[in-house]
Amino acid sequence: MGRWAGLFRPGHCKARVAPSSAGKLLIPQPNRLNQVRKGPGMNELEGIYSAVMDGDAGKVQSTVGQALNVGLSAEAILDGGLIAAMTEVGRLFEEGEFFVPEMLVSARAMQAGLALLKPHLTAEGIPSAGKAVLGTVKGDLHDIGKNLVVMMLEGAGFEVVDLGTDVTPDRFVQAVRDHQPHVLGMSALLTTTMPSMASTISALKEAGLRDRVKVMVGGAPVTDAFATRIGADGYSPDASSAVRLAKSLTSMA
Ligand code: B1M
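The paragraphs below set out a description of the structure included in this document. (Residues numbered from 1 in each chain as written. Predicted model: local features only at pLDDT ≥ 70, side-chain atom pairs only at ≥ 80, totals over all residues. Heavy atoms only, no water.)

### Structural notes on the coordination of the cobalt atom of the ligand
Convention followed: Here a donor is any nitrogen, oxygen or sulfur atom (N, O, S) within 2.8 Å of the metal, with 3.2 Å used for Na, K and Ca; water is not among the atoms considered, so some sites may look incomplete. The secondary structure listing takes helices from DSSP runs of H or I that are at least 4 residues long and strands from runs of E that are at least 2 residues long, numbered from the N terminus.
Looking at the protein side alone, the cobalt atom of the ligand has one donor only, His142 (NE2), at 2.2 Å. Secondary-structure assignment places His142 in the loop between β1 (130-136) and α6 (144-155).

This is the structure in structure tokens:
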């Protein structure tokens, strides 16, 4: 249960009760708030955390507003509220306790908070975790999974340039030239569009840019073996492991 046990009030978050991997119901534990260390702004951070876990975008915005009003820095709100909650959402997803729809609503709620924080983060000059360019490959219009990866990366502090769907190798190459990202991420949902990932890597080589960017790939039909075969630097099966992969690739870039 991790942070759930300490951070949810009794009766809170009824909609989030989800079957656990063991088949049990994931029910918030009795109130252990008294055991959570109290400090200035702690209530606001707990509010943000709970609202992201609940996928309640309106509440995320109001609690982020309150946190700014009581004087918390944008960095503290990002790390202690939004990212902490999304990290937990990712963990619960990986353990089979959260499912894609829950991860999506939480990610969207987190983005609503992020939109409010962005101007403050820029003003505070917080260094980003890295820069990533992402897109769904040529011929492919599936973008739900890619959007989820974008949101999770933004939630983890990455600056993300989202090229959208149906992105040609040339557009990926141009984006690497223009934005100089640490990581280039490609998503494909169709077996027929997976070869475009290989074409993009070839196009990067031809443009002399392959050594300047780490390439990660993902999407339902993509596998680790395929990623290795086409010369990508990494593959991840879901959005939360994509964050870990992007972080490790960024540290190598
Ligand atoms: Co399409 N579709 N679809 N579709 N569609 C699939 C993919 C399909 C498996 C359905 C099926 O037949 N069972 C099948 C592909 C078969 C194949 O190639 N093996 C298929 C087909 C055939 C088609 C069309 C050709 C149908 C037609 O027109 N005849 C057509 C193609 C259009 C095109 O792209 N040119 C088509 C169209 C569509 C819709 C437009 C209707 C819609 C897309 C809407 C949209 O995305 N805006 C759609 C949908 C919704 C699906 C299914 C039902 C769901 C896909 C999805 O969003 N999953 C899908 C069947 C299925 O998967 N069960 C299907 C949820 C999403 C969160 O998961 O995208 O896997 P996913 O992302 C995950 C991971 O893969 C990973 O993280 C994400 C979150 O954990 N991940 C990455 C993804 N990208 C990553 C990148 C990374 C790292 C991780 O690093 C960069």
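### Details of helix α7 (residues 169-179)
Keep this limit in mind: To sort residues, take the accessible area from a 1.4 Å probe on protein chains only and compare it with the maximum for the residue type: under 20% means buried, over 50% means exposed, and anything in between is partly exposed. An arc is given here, and it is the one of the directions from the helix axis to the C-beta atoms. Residue contacts follow a heavy-atom distance rule, with two residues in contact if any of their heavy atoms lie within 4.5 Å.
All buried positions along α7 are accounted for by Pro169, Phe172, Val173, Ala175 and Val176. The buried residues of α7 all sit within an arc of 160 degrees when viewed along its axis, so they share a single face. Across from the buried face of α7, at angles greater than 90 degrees, the exposed residues are Asp170 and Asp178. Where α7 is buried, its residues contact β1, β3 (183-187) and α8 (195-206). Remark: Gln180 follows α7 within two positions and exhibits a positive phi of approximately 45 degrees.

### Re the pattern of salt bridges
Formally: For this analysis, a salt bridge means a side-chain nitrogen from Lys or Arg found within 4 Å of a carboxyl oxygen belonging to Asp or Glu.
Counted under the stated rule, the structure contains six salt bridges. Close ionic contact of Arg91 with Glu88 constitutes a salt bridge, the shortest N to O distance being 3.0 Å. Note that Arg91 and Glu88 are positioned in helix α4 (residues 74-94) at a spacing of three residues, about one turn of the helix. Accessibility expressed as a relative area gives 27% for Arg91, which makes it partly exposed. Judged by relative accessible area, Glu88 falls into the buried class, the value being 5%. Note that Lys146 is salt-bridged to Asp162, the shortest N-O span being 2.9 Å. Of this pair, Lys146 sits in helix α6 while Asp162 is found in strand β2 (residues 158-162), placing the two residues 16 residues apart along the sequence. According to the relative accessible area criterion, Asp162 is partly exposed, its value standing at 36%. Sharing partners across several salt bridges, the network here consists of Glu88, Arg91 and Glu95.

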